[in-house]
Amino acid sequence: MSMTGDPTHFKTVLETALLTASEPLSVGQLKKLFAEEVAAAAINDALDEIQRAWLGRGVELVRLSSGWRFRARTELTPYLARLNPEKPPRYSRAVMETLAIIAYKQPVTRGDIESIRGVTVSTGVVQTLLERAWIEVIGHKEVPGRPGLYATTRKFLDDLGLNSLGDLPPLAELGALVVPGIEPDDSPLDS
Amino acid sequence: MSMTGDPTHFKTVLETALLTASEPLSVGQLKKLFAEEVAAAAINDALDEIQRAWLGRGVELVRLSSGWRFRARTELTPYLARLNPEKPPRYSRAVMETLAIIAYKQPVTRGDIESIRGVTVSTGVVQTLLERAWIEVIGHKEVPGRPGLYATTRKFLDDLGLNSLGDLPPLAELGALVVPGIEPDDSPLDS
Amino acid sequence: MSGVSDDGFTLEAPVLPDGVPLAHVFGEPVLALPQDLFIPPDALKVILESFEGPLDLLLYLIRKQNLNVLDIPMAPITSQYMAYIDAMQHERLELAAEYLLMAALLIEIKSRLLLPRPPREDEAEVEDPRAELARRLLEYEQMKLAGLALDQLPQAERDFVWLAVLLEQTAETRLPDVTPVDLRQAWLSILSRAARNRHHQVTTDQLSVREQMSWILRQVDGRDYVPFEALFEIERGVSYLVVNFIAILELVKEGLLRVSQEAAYLPIYVRSANTATEPA
């Protein structure tokens, strides 16, 4: 039976794979669903159609860093929360600041994080992020002690609904944090 | 906003809950989705409609002994099998939290577990852990009702690769990693 | 304790001053204690603990008064900072070394500003001793705001859930794997959910007591009487014996164990509170 011959069945297979997947599926993975060769373009077109078909429902098909995945729309969260009081923790500022430094300055060592935050970074903070699989050690810095270099993972992007690091909220520019207009007159910065 | 006033929204909430649940949901559980009282008949009617709406698709809504659940139709299995490197099953958060409490606070009664988790513990959750032989009843508390006291077993330690409970991750510093939420129905403890 | 955080101590993202600078108070020493310091003593701990370190505390002091980070009035800021440090020490809060290091740095910068600058015609610009501090403050603030922004993003499982439609695999009866890390994660979410769980902190010591409690209950389960000494394995050392003894006391306190002795110097027996109350 040829898949491309029956577009409805083709879409049904894709949709079912995405509904049952426990991780985002890339177009490359979705190709494997079919015994015969399928063009990436055909899959992309079908994904667009599936995405459109679900508009306005409780669930949406989203494109993430590592592929496509169905998720419940955030508007539904209050209802679902009544059913499921168990939720992952809301992380403390120490955890979120550490995550931000790794996300925006990666790759960074623990020392880099400490020098920006001005405090020791507890093992628990880094461990929490490692356990959530939001960060990983991608190498070691060639300095004494060879400290690990941390970077964010694809799962971090997926869990925050981001396609790439470029989608991170833009940083406040250092210049914008400054109260304007009271620079010393001889300031050579930007006239 | 009244649910019963908007049948489409009502069905959307039910459908989304079923699509995202990792366990079958009973009508009693589904009722909890809504702030206001909903008749079981209204839910059953909506479930029938949702079931019909999914006919002919890759996924079907089925009624199992413990409740309703969406599952992939067997006809799709040959396709999905090509994709799926068997995903390891996971326990629900409710099971994991219950296990954690028994491990760290043993011996505990069900009431103790509920007061720590702040939610009721379903029989199924405890049953899962008893069947796995990770917990057992080691006595009864001499209070009205004589509730059973749960403790973890040797098998639990073995299966988790621990020598003793002392090898469990220390809890001491965990408090600094999360933001404690204030439960809405919880008045401040000491005011 | 409620209401404390309403006294202007909400530590939300600092409101960035925009437009007209209000902070032309430079050079005028602030003699009064910063009003922030009139805090009920028990609230002080909470407030001080909510700072993420010396940079965070300094930023708070600066932003609260709409001061310019690039032109920090060192004298008043240093004295305010020191007031916080004193308060922390007074409350015997464990003070991270970084706080003291920063205090030393502030004092050093202040004293360098007091020194007359050597006239050096040849050099166009003289490095402001505050420049490095300002750079660090701004960089930290940028990351602090970024952390807040990240926290605002919808987060998987916290703010939305993935789908979990059942896919029945080939009749597999594989059971889920659980690691100690999973237990730790589960505990984190319990902690995060309920404020009252802060009272449920468990230390390793308590844990071993709980472990012994379970062990003792198993020993006495289904037996009429167990000799007291039978519950102590002498060869396991003093700390074990102490923990074991505490465990027995704890069980008695919780009404789970009965300990009895007919008369002085006679053997002590232990039995489960569950077994029939009729002595044999």
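A brief report on the enclosed structure follows.

Procedures and definitions
- Residues numbered from 1 in each chain as written.
- Chains lettered and ligands numbered in written order.
- Predicted model: local features only at pLDDT ≥ 70, side-chain atom pairs only at ≥ 80, totals over all residues.
- Heavy atoms only, no water.
- Pairing = 2+ DSSP bridges.
- Helix = DSSP H or I, 4+ residues; strand = E, 2+ residues; numbered from the N terminus.
- Buried < 20%, exposed > 50% of the residue type's maximum accessible area, 1.4 Å probe, protein only.
- Lys, Arg positive; Asp, Glu negative; His and termini not counted.
- Salt bridge = Lys/Arg side-chain N within 4 Å of Asp/Glu carboxyl O.
- Contact = heavy atoms within 4.5 Å.
- Buried area = accessible area lost by both parts, 1.4 Å probe.
- Nonpolar A, V, L, I, M, F, W, Y, C, P; charged D, E, K, R; others polar.
- 1 Å grid on protein atoms, 1.4 Å probe; cavity = no way out; pocket = protein on both sides within 12 Å on 5 of 7 lines; lining within 4 Å.
- Points joined across faces, edges and corners; volume = space filled by probe spheres on them.

Here the focus is the sheet that holds strand E1 (residues 226-227) of chain C. Residues and elements named next belong to chain C. The 3 strands are arranged E1-E3-E2 in an open sheet whose pairing can be described as antiparallel. Either end of the sheet is taken by a strand with one partner, and the two such strands are E1 and strand E2 (257-261). Two strands pair when backbone bridges link them, and E1 and strand E3 (residues 268-272) are joined in this way by 2 bridges, in the antiparallel orientation. Note that in E3 the partner of Val226 across the bridge is Val270.

With respect to the element layout, Lys141 of chain B can be found in the loop between strand E3 (135-140) and strand E4 (148-152). Buried charge Lys141 of chain B goes without a salt bridge, the closest partner of opposite sign being Asp112 of chain B at 4.4 Å.

Before going further, it helps to examine the pairing of E4 of chain B. Residues and elements named next belong to chain B. Buried residues dominate E4, accounting for 5 of its 5 residues. Because side chains alternate across E4, one face comprises the buried residues Gly148, Tyr150 and Thr152, and the other comprises Leu149 and Ala151, equally buried. Taken together, the 5 bridges between E3 and E4 define a ladder with antiparallel strand orientation. Bridged to Gly139 within E4 is Leu149.

Quick look at the interface of chain C and chain A now. On the side of chain A, 58 residues touch chain C, which itself brings 55 residues to the contact. The contact between chain C and chain A buries some 5300 Å² in all, and 61% of this surface belongs to carbon and sulfur atoms. The largest per-residue losses of area from chain C upon contact with chain A belong to Leu150, Trp162 and Leu163 of chain C, which jointly make up 14% of the total buried on that side. Here chain C and chain A share 6 salt bridges between them. One salt bridge in this structure joins Asp56 of chain C and Arg93 of chain A, with 2.6 Å as the shortest N-O distance. A per-element tally of the side of chain C that touches chain A places helix H5 (residues 131-152) of chain C first, with 14 residues. Classifying every residue of the side of chain C that touches chain A gives 29 nonpolar, 11 polar and 15 charged.

Taken as a whole and assessed by the stated rule, the structure comprises 36 salt bridges over all chains. Of the charged contacts in the structure, one is a salt bridge between Glu131 of chain A and Arg184 of chain C, with a shortest N-O distance of 2.6 Å. Within this pair, whereas Glu131 of chain A is found in helix H7 (residues 123-131), its partner Arg184 of chain C is found in helix H6 (residues 180-193), the two belonging to separate chains. Judged by relative accessible area, which is 18%, Glu131 of chain A ranks as buried. In the salt-bridge network here, residues are joined through shared partners; they are Arg93, Glu97 and Arg117 of chain A together with Glu52, Asp56 and Lys144 of chain C.

Further remarks concern empty space enclosed by the protein. The full count for this structure, using the stated rule, is 4 cavities of 30 Å³ or more. Approximately 50 Å³ is the volume attributed to the second largest cavity. Forming the boundary of the second largest cavity are Arg90, Tyr91 and Met96 of chain B together with Asp177, Val178 and Asp182 of chain C. Split by residue class, the lining of the second largest cavity holds 3 nonpolar, no polar and 3 charged.

Fair warning: the whole summary comes from geometry, so function is off the table for now.
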